[in-house]
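Here is what each chain is made of, one letter per residue.
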Amino acid sequence: MKILLKVLKYILGAALAFFAVTFTVYFFNLDMKATALIEPLLQKHYDAIPRKQSL
């Protein structure tokens, strides 16, 4: 029984930590801020890919 309570405590702690991290990302809009930082690097890469354009 003690092992089960210990496991549940760890699961609850992990769930609360996950919620705190995702809430912080959502509250400060960090996903879009990270996208704005990474986009120029990705754009340079995608622009360098040769395209086959045939009509």
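Please refer to the structure placed before this passage.
Residues numbered from 1 in each chain as written. Predicted model: local features only at pLDDT ≥ 70, side-chain atom pairs only at ≥ 80, totals over all residues. Heavy atoms only, no water.

So, on to the overall build of the chain. Along the backbone of the chain there are two helices and zero strands. In terms of C-alpha radius of gyration, the chain reaches 21 Å, well past the compact-globule figure of 10 Å for 55 residues. Considered along the principal axes of its C-alpha atoms, the chain spans approximately 70 × 25 × 20 Å. Counting over 55 residues, the chain shows a buried share of 0%. Carbon and sulfur atoms form 73% of the exposed surface of the chain, whose accessible area is close to 5,700 Å². (Helix = DSSP H or I, 4+ residues; strand = E, 2+ residues; numbered from the N terminus. Rg over C-alpha atoms; globule rule 2.2 N^0.38 Å. Buried < 20%, exposed > 50% of the residue type's maximum accessible area, 1.4 Å probe, protein only. Areas by Shrake-Rupley, 256 points an atom, 1.4 Å probe, with all protein chains shown as cover.)

Taken together, the side chains of Phe19, Val21, Phe23, Val25, Tyr26, Phe27, Phe28 and Leu30 define a hydrophobic patch exposed on the protein surface, amounting to about 860 Å² of accessible area. Take Tyr26: its relative accessible area is 65%, and that puts it in the exposed class. (Patch = residues over 30% accessible without salt bridge, like charges linked within 9 Å, V, L, I, M, F, W, Y side chains within 5 Å. Salt bridge = Lys/Arg side-chain N within 4 Å of Asp/Glu carboxyl O.)

What follows concerns helix 1 (residues 2–27). For helix 1, spanning 26 residues, the distance from its first C-alpha to its last is 37 Å, which sits close to the expected 38 Å at 1.5 Å a residue. At the exit of helix 1 stands Asn29, carrying a positive phi of roughly 55 degrees. (Expected span 1.5 Å × (residues − 1).)

The next thing to look at is the packing of aromatic side chains. Tallied over the full model, the rule gives three aromatic pairs. Their ring planes at 25 degrees and their centres at 6.0 Å tell us that Phe19 and Phe23 sit as a pair that is stacked. Taken as a pair, Phe19 and Phe23 lie in helix 1 at a separation of four residues, close to a single helical turn. Looking at Phe19, the relative accessible area reads 52%, which means it is exposed. Centroid distance Phe23 to Phe27: 5.8 Å. Interplanar angle 25 degrees. Geometry classified as stacked. In this pair, Phe23 and Phe27 both sit in helix 1, four residues apart, roughly one turn of the helix. In this structure an aromatic cluster arises from ring pairing among Phe19, Phe23, Phe27 and Phe28. (Phe/Tyr/Trp six-rings, centres within 6.5 Å; stacked < 30°, edge-to-face > 60°.)

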